[in-house]
Amino acid sequence: MPQGFVLGASLTALATLGLIVAHAWKRRWGQWLTKPLASTGFLIAAHAAGALREPWGQGLFAGLALSWVGDVLLIPRHPKAFLAGLVSFLLGHVAFTLAFLWRGLDWSVVGVSALPLLLVALVVWRVLRPHVPRELRGPVLAYITVIASMVAFAFGTHAAHGSVVLLGGAIAFFLSDLSVARERFVDDGWKNKAWGLPLYYGAQLALAASVMGSAS
């Protein structure tokens, strides 16, 4: 494993721990300090893994970079910043989806996995909808649909290339977003962060790691 990947992953892990503490103690300055560092760590890891050396990895790196932007935009407690962050993450999932498409898919698996994923997305939307402000319902619904589609494409890439780490990262990303949705729209307690943040940053590191040894 490249040393740069280990360094980036270590930065993400340590900063994530600090970020959880900052949320628990309600220290805004701590969130501004640790969250960009945690997200920078997965960019370092992806670069060290060789993401920029091949086209599909470049698409994946673009998705990670857009996630970095989204992470920073979600720090302020402001509706416009949240909407901008939501759009950045949505574009990030589009980049991931295109990267998986470039990598290669088993389309039959994409089709089979899409239906249950979209059903799960529908259930999530039905639970969230009463809590989401009217002006955010369209963007949130679009986001849920896009991330479910991204996971379906990850299943297809896994079937074509045996990318277990990539699939695990995509699924973990989907699950981590449930904590974000719950924290923003249902219950803003820091406990959502206690499980959601490790899952999210673990997902990003898994996606970064999926590039290693994938050239074919």
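Structure shown above.
Notes on the structure follow.

Cut-offs and rules
Residues numbered from 1 in each chain as written. Predicted model: local features only at pLDDT ≥ 70, side-chain atom pairs only at ≥ 80, totals over all residues. Heavy atoms only, no water. Salt bridge = Lys/Arg side-chain N within 4 Å of Asp/Glu carboxyl O. Buried < 20%, exposed > 50% of the residue type's maximum accessible area, 1.4 Å probe, protein only. Core = buried A, V, L, I, M, F, W, Y, C linked by side-chain atoms within 4.5 Å. Helix = DSSP H or I, 4+ residues; strand = E, 2+ residues; numbered from the N terminus. Contact = heavy atoms within 4.5 Å. Axes fitted to C-alpha atoms, helices over the stretch in contact; angles between N-to-C directions. Parallel < 35°, antiparallel > 145°, perpendicular 65-115°, else oblique. Left-handed = near helix turned anticlockwise from the far one by under 90°. Nonpolar A, V, L, I, M, F, W, Y, C, P; charged D, E, K, R; others polar. Patch = residues over 30% accessible without salt bridge, like charges linked within 9 Å, V, L, I, M, F, W, Y side chains within 5 Å. Areas by Shrake-Rupley, 256 points an atom, 1.4 Å probe, with all protein chains shown as cover.

### Here's the deal with the pattern of salt bridges
Consideration 1: A complete count under the given rule lists four salt bridges for this structure.
Consideration 2: With a shortest N-O distance of 3.6 Å, R184 and E183 are connected by a salt bridge. Of the two residues, R184 and E183, both sit in the buried class.
Consideration 3: With a closest N to O distance of 3.8 Å, E183 and K193 form a salt bridge.

### What to know about the nonpolar core
Consideration 1: If you look at the biggest cluster of nonpolar residues, it comprises 59 residues, and the most contacted ones within it are L60, L64, F96, F100, V140 and F173.
Consideration 2: Only α1 (3-24), α2 (28-49), α3 (55-73), α4 (79-103), α5 (107-128), α6 (134-161), α7 (164-185) and α8 (191-209) provide two or more residues apiece to this core.
Consideration 3: Here this core gets eleven residues from one element, more than from any other, and that element is α6.
Consideration 4: Here F100 is in contact with W56, L60, L105, M150, F153, A154, T157, L166 and L207, once residues within four sequence places are set aside.

### With respect to the packing of α4 against α7
Between two packed helices, the angle of one axis relative to the other and the distance separating the axes together describe the packing.
Consideration 1: Taken N-terminus to C-terminus, the directions of α4 and α7 make an angle of 165 degrees; their axes are 13 Å apart at the nearest point. The orientation of α4 with respect to α7, classified from their angle, is roughly antiparallel. As for the relative orientation of α4 and α7, their crossing is left-handed in sense. For the pair α4 and α7, the contacting residues are F82, F89, H93, F96 and F100 in the first and L166, F173, D177, R184 and F185 in the second.
Consideration 2: Across the contact of α4 with α7, the residue classes tally to seven nonpolar, one polar and two charged.

### Some thoughts on unusual backbone geometry
Consideration 1: Of note, K26 is a non-glycine position whose phi angle comes to about 55 degrees, a positive value.
Consideration 2: By secondary structure assignment, the location of K26 is in the loop between α1 and α2.
Consideration 3: What makes K26 exposed here is its relative accessible area of 66%.

### Regarding a nonpolar patch on the surface
Consideration 1: Taken together, the side chains of V94, L98, L101 and W107 define a hydrophobic patch exposed on the protein surface, amounting to about 390 Å² of accessible area.
Consideration 2: In terms of residue count, α4 provides more of the nonpolar patch than any other element does, three residues in total.
Consideration 3: Along the polypeptide, L101 turns up in helix α4.
Consideration 4: A residue is classified by how much of its surface remains accessible, and L101, at 38% relative accessible area, is partly exposed.

### Side note on the packing of α7 against α8
Consideration 1: Running from amino to carboxyl end, α7 crosses α8 at an angle of 155 degrees, the nearest separation of the two axes being 7 Å. The angle between α7 and α8 places the two elements in the roughly antiparallel class. For the pair α7 and α8, the sense of crossing is left-handed. Counted together, V165, L166, G169, A170, A172, F173, L175, S176, L178, S179, R182 and E183 of α7 and N192, K193, W195, G196, L199, Y200, A203, Q204, A206, L207 and A209 of α8 form the full contact between these two elements.
Consideration 2: When its residues are assigned to classes, the contact of α7 with α8 shows 14 nonpolar, six polar and three charged.

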